[in-house]
Amino acid sequence: MRVTKLDTYFLSIPLPQPVRTSTNTIRQVSEVIVKLTTDSGLVGIGEGHGPFLFNQGPAGMQAVNEIIQRITPLVVGEDPFNSERIWQDIFALTYRAVRGIPPLARQQRQLVTALSAIDIALWDLKGKAVERPVYALLGGALRDKIPAYATGFYYRDHEQPADLEREAALYMEKGYRTMKVKVGGLTPKADAERVRFIRQCVGDDMALMLDANQGWDLPTAIEAAQRCEASNIFWLEDPMPWYDERHTLRRLKAATSIPLAAGETEYSPFGLRTLLMEGLVDYVIIDSTWAGGLTTWRKAAVMAEMQQIPMAAHHDPQIHVHALAASPTGFILESFADPSRDPLWFELFKERPEIVDGSMSLPEAPGFGLELREDTLEKYGVKIG
Ligand SMILES: [Mg+2]
């Protein structure tokens, strides 16, 4: 089996109402889709994301498109079972020329997004070729259901307590037992009061996570964490910016009893190594659509097992359900239960793996078991290459 064609699409859907984190206002959701056609007739599908795609329309995709055009010769003509070699070739372009293609050192992040979509499409093809789901290629499922949490409680304009109550009721109705709340957008005192109110709405049995989206400096993180401790917090995610994590996570860990989680903004296995091997986090969060696909995930899964650190996925449960099922310390998926936050999740696939009573069952179809809805591609997508 050889790859004969690489097609790229860019999808972008505006949100009905913008939502805020501590560091961003999200007005639309966007992603890159790579479709790999092969001489066997099988087609592999991969998805790529990245923070530089936030709020981008098709014009913002130009950089990724140019990169994909440049690296296509490293993929077309290849056997998808050579996915590790293809990964190594594309990753090497972050600093040097590969097979006549000049380095893309100044576009590392965009390059890794392109690599993520391509790598995921290759794993999809490998599964389809042997007619087994992707988790079977990763060593088989260690569990038959993966718990998922609902990410919500973003900051919205004119927020009223009744809005938070309604949101809590929506997730509870859907059977979630774990929910995540945005913090870092208000003063530590006001955030802690908002968290306490949400705790009252959901009762004592719900696991509550906090996500600061890297919005605090260390003193603010310490104050906010200590103020939130009384609300019985399951984890505190991304308290401070990525650039000084080694120092700040260690200091914060010593100052609070709340377990820490981070990793979603890493975009290489080496960044994840620092978090894992230095014991900086209690939970590691990985997004294979940002960080180099399942090939990166697989490298991190070995380190997480050795360090006994539970693995959590950032976004895209339809992809990560396979990765978490096969990882020895695989733990939990992230999901959006509110269509107004992630219309793509609700509209992109012909059959969507459902989250029932707070967990996702393993798909049985070959590859990732996903088929794109052509009408959604046409409505929100642009073929860019
Ligand atoms: Mg996060």
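As a further point, take the sheet that holds strand 3 (residues 43–48). Spatial ordering of the open sheet is given by 3-2-1-14, a layout of 4 strands whose pairing is antiparallel. Edge positions in the sheet fall to strand 3 and strand 14 (381–383), since each has one partner strand and no second. With strand direction ignored, the average angle separating the axes of adjacent strands in the sheet is 20 degrees. Examined bridge by bridge, strand 2 (residues 25–38) and strand 3 share 6 bridges and lie antiparallel to one another. Opposite Leu36, over in strand 3, you have Gly44 as the bridge partner. Contacting strand 1 (3–20), strand 2 and strand 3, helix 3 (residues 108–130) crosses the sheet at an angle of about 150 degrees to strand 3.

Before going further, it helps to examine the coordination of the magnesium ion. Four donors placed tetrahedrally about a metal ideally form angles of 109.5 degrees, and six donors placed octahedrally ideally form angles of 90 or 180 degrees. Taken together, the protein donors to the magnesium ion comprise Asp211 (OD), Glu237 (OE) and Glu264 (OE), at separations of 2.0 to 2.3 Å. Sequence spacing of the donor residues for the magnesium ion, all on one chain, is D-x25-E-x26-E. Of this pair, Asp211 sits in strand 6 (residues 207–211) while Glu237 sits in strand 7 (residues 233–237); the two residues are 26 residues apart in sequence, bridging distant segments of the chain. Across this residue pair, the class does not change: Asp211 and Glu237 are buried.

Time to look at helix 7 (residues 218–228). Inspection of helix 7 places Leu218, Ala221, Ala224, Ala225 and Cys228 among the buried residues, and these make up the whole buried set. Each buried residue of helix 7 sits inside an arc of 130 degrees when the element is viewed along its axis, so together they form one side. The secondary structure elements touched by the buried residues of helix 7 are helix 6 (188–202), strand 6, strand 7 and helix 8 (245–255).

All right, on to the packing of helix 1 (residues 62–71) against helix 3 then. Two elements in contact, helix 1 and helix 3, have axes whose closest approach is 9 Å; the angle formed by their N-to-C orientations is 60 degrees. Regarding the angle of helix 1 to helix 3, the classification is oblique. Viewed along their axes, helix 1 and helix 3 form a crossing whose handedness is right-handed. Contact residues: helix 1 offers Ala63, Val64, Ile67, Ile68 and Ile71, while helix 3 offers Gln110, Leu111, Ala114 and Ile118. For the contact of helix 1 with helix 3, the per-class residue count stands at 8 nonpolar, 1 polar and no charged.

Moving on, we get to the packing of aromatic side chains. Ring pairs (aromatic) are described by centroid distance and by the angle formed between their planes. Following the criterion strictly, the structure yields 12 aromatic pairs and no others. Ring centres 5.7 Å apart and planes at 85 degrees place the aromatic pair Phe153 and Tyr171 in the edge-to-face group. Placement of the pair is Phe153 in the loop between strand 4 (145–152) and helix 5 (161–173) and Tyr171 in helix 5, with a sequence separation of 18 residues. For Phe153, a relative accessible area of 0% puts it in the buried group. Its relative accessible area of 0% is what places Tyr171 among the buried residues. Between the aromatic rings of Phe234 and Tyr283, the centroid separation amounts to 5.4 Å while the plane-to-plane angle is 35 degrees, which identifies the pairing as tilted.

Attention now moves to empty space enclosed by the protein. Across all of its chains, the model carries 1 cavity of 30 Å³ or more by this definition. Lining the largest cavity, in full, are Ile45, Gly46, Glu47, Ile120, Asp124, Ile319, Phe349, Phe368, Leu370 and Leu372. Sorting the residues of the lining of the largest cavity by element identifies strand 3 and helix 3 as the ones contributing at least two each. Among the elements that take part in the lining of the largest cavity, strand 3 stands out by supplying 3 residues, more than any other. Taken together, the residues of the lining of the largest cavity sort by class into 7 nonpolar, 1 polar and 2 charged.

The rules behind each value
Residues numbered from 1 in each chain as written. Predicted model: local features only at pLDDT ≥ 70, side-chain atom pairs only at ≥ 80, totals over all residues. Heavy atoms only, no water. Pairing = 2+ DSSP bridges. Helix = DSSP H or I, 4+ residues; strand = E, 2+ residues; numbered from the N terminus. Axes fitted to C-alpha atoms, helices over the stretch in contact; angles between N-to-C directions. Contact = heavy atoms within 4.5 Å. Donors = N, O, S within 2.8 Å, 3.2 Å for Na, K, Ca; no water. Buried < 20%, exposed > 50% of the residue type's maximum accessible area, 1.4 Å probe, protein only. Arc of directions from axis to C-beta. Parallel < 35°, antiparallel > 145°, perpendicular 65-115°, else oblique. Left-handed = near helix turned anticlockwise from the far one by under 90°. Nonpolar A, V, L, I, M, F, W, Y, C, P; charged D, E, K, R; others polar. Phe/Tyr/Trp six-rings, centres within 6.5 Å; stacked < 30°, edge-to-face > 60°. 1 Å grid on protein atoms, 1.4 Å probe; cavity = no way out; pocket = protein on both sides within 12 Å on 5 of 7 lines; lining within 4 Å. Points joined across faces, edges and corners; volume = space filled by probe spheres on them.

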